[in-house]
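Listed below are the residues making up each chain.
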Amino acid sequence: MGLLKITNGILITPYRYIRGGTVVIEDGIIRGIHERDVEVPDAVEIDAGGQYVAPGFIDIHVHGGGGYDFMDGTEEAFLKIAELHARYGTTALVPTTLTAEKEDLLQTLDAYKAANRTNRRGAAFLGIHLEGPYFALSQRGAQDPRYIRNPDPQEYEEILAYSSSIVRWSAAPELEGAIPFGRRLREKGILAAVAHTDAIYEDVLEAYENGYSLATHLYSAMSGVTRRNAFRYAGVIESAYLLDMDVEIITDGVHLPPPLLKLVYKIKGADRTALITDAMRAAGMPEGESTLGSLKNGLKVIVEDGVAKLPDRSSFAGSVATTNQLVRNMVQLADVPLLDAVRMASTTPARIMGVESRKGSLTPGKDADLVIFNENVDISATLVNGNLVYSNQLLINA
């Protein structure tokens with residue numbers, strides 16, 4: 001759509017609501033935000049019907065959906081996942097891998113490159129997130145222990161040289177070699193994140209000083225207060241609160257109960273907290289048996305109670321959430337104002353990933369990534385770069 005006008009909406013701008021507002025879009029860019037209806041000759045018109053018009057949701061940690069996983073290593077998987085999540089308000093995402101053999105990671109990077117060229121019907125890709133394989137075995141969660149190892153410069157340099165699509169990498173900072181690894185990522189402009197770790201505060205502080213700036217799925221697969229020889233030590237959770245680190249949280253309503261959602265919001269605030277799905281292939285699918293990771297060598301899981309679990313039910317194995325659920329839960333379970341919940345799903349993740357100059361808010365000059373939803377955060381329409389990639393029942397007048 002070249003010229004587009006969205007009218008009769010409650011616009012969610014960075015700092016306020018504009019009721020009865022209008023958004024004007026031209027060539028995929030937001031050209032105007034208005035407090036009333038304005039004449040735009042020859043524009044295609046979308047009537048928001050009094051619903052909310054917000055910046056599109058940005059999911060910086062997602063593994064799959066719609067029956068596909070990025071570790072399938074195919075262009076089709078990437079495209080189908082992007083389409084599935086666009087139906088639920090995601091306009092940009094960071095495809096995330098799992099701990100795996102190097103060859104599987106390289107295959108996934110190849111698939112990303114191919115899909116990124118042809119992705120026109122789903123959420124846009126912002127680059128790849130490598131989650132692992134440099135993790136603490138004791139905090140592996142559902143990560144396959146067969147592939148967990150310490151950072152190896154020969155290996156990660158080969159991977160970094162292989163692809164320029166890597167934008168973040170999660171690792172345990174207490175491992176041998178993790179600090180120089182963090183420095184190397186910082187040199188390359190890649191976001192280093194603390195994850196699947198048994199680190200104590202001193203480890204996290206050193207990591208923070210050497211490039212690690214984000215806590216991956218806070219509370220999940222990371223240490224809290226521990227005792228060693230009767231002495232207490234602050235863990236990664238406390239470190240994330242103490243330091244000016246960004247955090248991401250899975251707000252599927254299962255991984256973190258409401259009191260912890262409220263605590264994260266109270267301490268870190270909307271500007272330091274990003275909402276993520278961490279969704280696996282079963283997102284948007286019926287409950288039952290599924291596979292975490294690739295169909296070739298992934299882990300069998302059970303999806304029940306709105307979450308994926310290991311077969312023995314000893315651990316969660318990833319979420320099946322969609323981004324609209326994240327926002328809804330922050331409002332309904334954690335009593336967070338909608339304005340802040342939307343910020344945590346759009347503006348903050350855009351800033352964390354370094355794309356805030358073009359995405360993350362309803363601001364003239366930015367990409368026309370928008371989502372329209374009702375009071376329950378049910379999605380009516382999703383636009384990516386001004387293209388309507390999903391529509392429920394909106395009236396479009398040419």
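- The protein is annotated in an unreviewed UniProt entry as N-acetylglucosamine-6-phosphate deacetylase of Larkinella arboricola.
- Its UniProt record, at the heading Sequence similarities (unreviewed entry), says of the protein: "Belongs to the metallo-dependent hydrolases superfamily. NagA family."

1. Some points on the pairing of strand E11 (residues 128–131)
Moving on, step 1. Every second residue of E11 is oriented toward a common face, with Ile128 and Leu130 on one face and His129 and Glu131 on the other, all of them buried.
Moving on, step 2. Across four bridges, E11 lies against strand E12 (residues 166–171) in parallel orientation. By the bridge assignment for E12, Leu130 is matched with Trp169.
Moving on, step 3. In terms of handedness, the path from E11 via helix H3 (residues 153–162) over to E12 forms a crossover that is right-handed.

2. Observations regarding the domain arrangement of the protein
Moving on, step 1. Partitioning the protein into domains gives domain 1 (3–54 + 361–391) and domain 2 (57–353).
Moving on, step 2. Distance from the C-alpha centre of domain 1 to the C-alpha centre of domain 2: 29 Å.
Moving on, step 3. Listed per partner, the contact involves 22 residues of domain 1 and 21 residues of domain 2.
Moving on, step 4. For the pair domain 1 and domain 2, the summed buried area comes to about 1,600 Å², and 64% of that belongs to carbon and sulfur atoms.
Moving on, step 5. A per-residue breakdown of the area domain 1 buries against domain 2 is headed by Val377, Val389 and Tyr390, which together make up 27% of the total.
Moving on, step 6. Remark: the boundary between domain 1 and domain 2 carries one salt bridge.

3. Description of the nonpolar core
Moving on, step 1. Within the largest apolar cluster, 91 residues are counted, with the highest numbers of intra-cluster contacts made by Trp169, Leu218, Val327, Met330 and Phe373.
Moving on, step 2. Both of domain 1 (3–54 + 361–391) and domain 2 (57–353) provide at least three residues apiece to this core.
Moving on, step 3. Counting 16 residues, the second largest nonpolar core, distinct from the first, contains Leu4, Val23, Ile30 and Leu362.

4. A word on the sheet that holds strand E20 (residues 299–304)
The strands that make up a sheet are held in pairs by hydrogen bonds between backbone atoms, and each pair lies either parallel or antiparallel.
Moving on, step 1. Read from one edge to the other, the open sheet built from four strands follows the order E19-E20-E21-E22, with strand pairing classed as antiparallel. Both edges of this open sheet fall to strand E19 (288–292) and strand E22 (316–319), since each of them pairs with a single strand only. Here the average twist between neighbouring strands, direction ignored, is 35°.
Moving on, step 2. Taken together, the five bridges between E19 and E20 define a ladder with antiparallel strand orientation. For Ser290, the partnering residue across the bridge sits in E20 and is Val301.

5. Here we look at the sheet that holds E12
Moving on, step 1. Strand order across the open sheet formed by six strands is E11-E12-E13-E14-E17-E18, with parallel pairing between neighbours. At either end of the open sheet lies a strand with only one pairing partner, and these are E11 and strand E18 (273–276). Averaged over all pairs of adjacent strands, the angle between their axes in this sheet comes to 30°, without regard to strand direction.
Moving on, step 2. For strand E17 (residues 246–250) and E18, the ladder comprises four bridges, and the chain directions are parallel. Bridge pairing in E18 places Ile250 opposite Ile276.

6. Some details on empty space enclosed by the protein
Any space left empty among the atoms is revealed by the rolling of a water-sized probe across them.
Moving on, step 1. Under the definition given, this model contains three cavities of 30 Å³ or more.
Moving on, step 2. Approximately 120 Å³ is the volume found for the largest cavity.
Moving on, step 3. In terms of lining, the largest cavity is formed by 15 residues, of which the most central are Leu98, Thr99, Gly293, Asn297 and Gly298.
Moving on, step 4. Taken together, the residues of the lining of the largest cavity break down into seven nonpolar, six polar and two charged.
Moving on, step 5. Volume-wise, the second largest cavity comes out at about 60 Å³.
Moving on, step 6. Lining the second largest cavity are Ile12, Thr13, Pro14, Pro55, Leu339, Val342, Arg343, Ser346, Thr347, Gly360, Ser361 and Leu362.

7. Describing helix H4 (residues 178–187)
An α-helical segment advances 3.6 residues per turn. Residues three or four places apart therefore align on the same side.
Moving on, step 1. If you check which residues of H4 are buried, you get Ala178, Ile179, Phe181, Gly182 and Leu185. An end-on view of H4 places all buried positions within 160° of arc, on one side of the element.
Moving on, step 2. At its buried positions, H4 is contacted by H3, E12, strand E13 (191–194), helix H5 (201–209) and strand E14 (212–215).
Moving on, step 3. Gly189 sits one or two residues past H4 and shows a positive phi near 75°.

What counts, and where the lines are drawn
Residues numbered from 1 in each chain as written. Predicted model: local features only at pLDDT ≥ 70, side-chain atom pairs only at ≥ 80, totals over all residues. Heavy atoms only, no water. UniProt positions renumbered as here; feature names shortened; annotations may be inferred. Buried < 20%, exposed > 50% of the residue type's maximum accessible area, 1.4 Å probe, protein only. Helix = DSSP H or I, 4+ residues; strand = E, 2+ residues; numbered from the N terminus. Pairing = 2+ DSSP bridges. Right-handed = clockwise from strand over helix to strand, strands pointing away. Domains from an automatic or database assignment. Contact = heavy atoms within 4.5 Å. Buried area = accessible area lost by both parts, 1.4 Å probe. Salt bridge = Lys/Arg side-chain N within 4 Å of Asp/Glu carboxyl O. Core = buried A, V, L, I, M, F, W, Y, C linked by side-chain atoms within 4.5 Å. Axes fitted to C-alpha atoms, helices over the stretch in contact; angles between N-to-C directions. 1 Å grid on protein atoms, 1.4 Å probe; cavity = no way out; pocket = protein on both sides within 12 Å on 5 of 7 lines; lining within 4 Å. Points joined across faces, edges and corners; volume = space filled by probe spheres on them. Nonpolar A, V, L, I, M, F, W, Y, C, P; charged D, E, K, R; others polar. Arc of directions from axis to C-beta.

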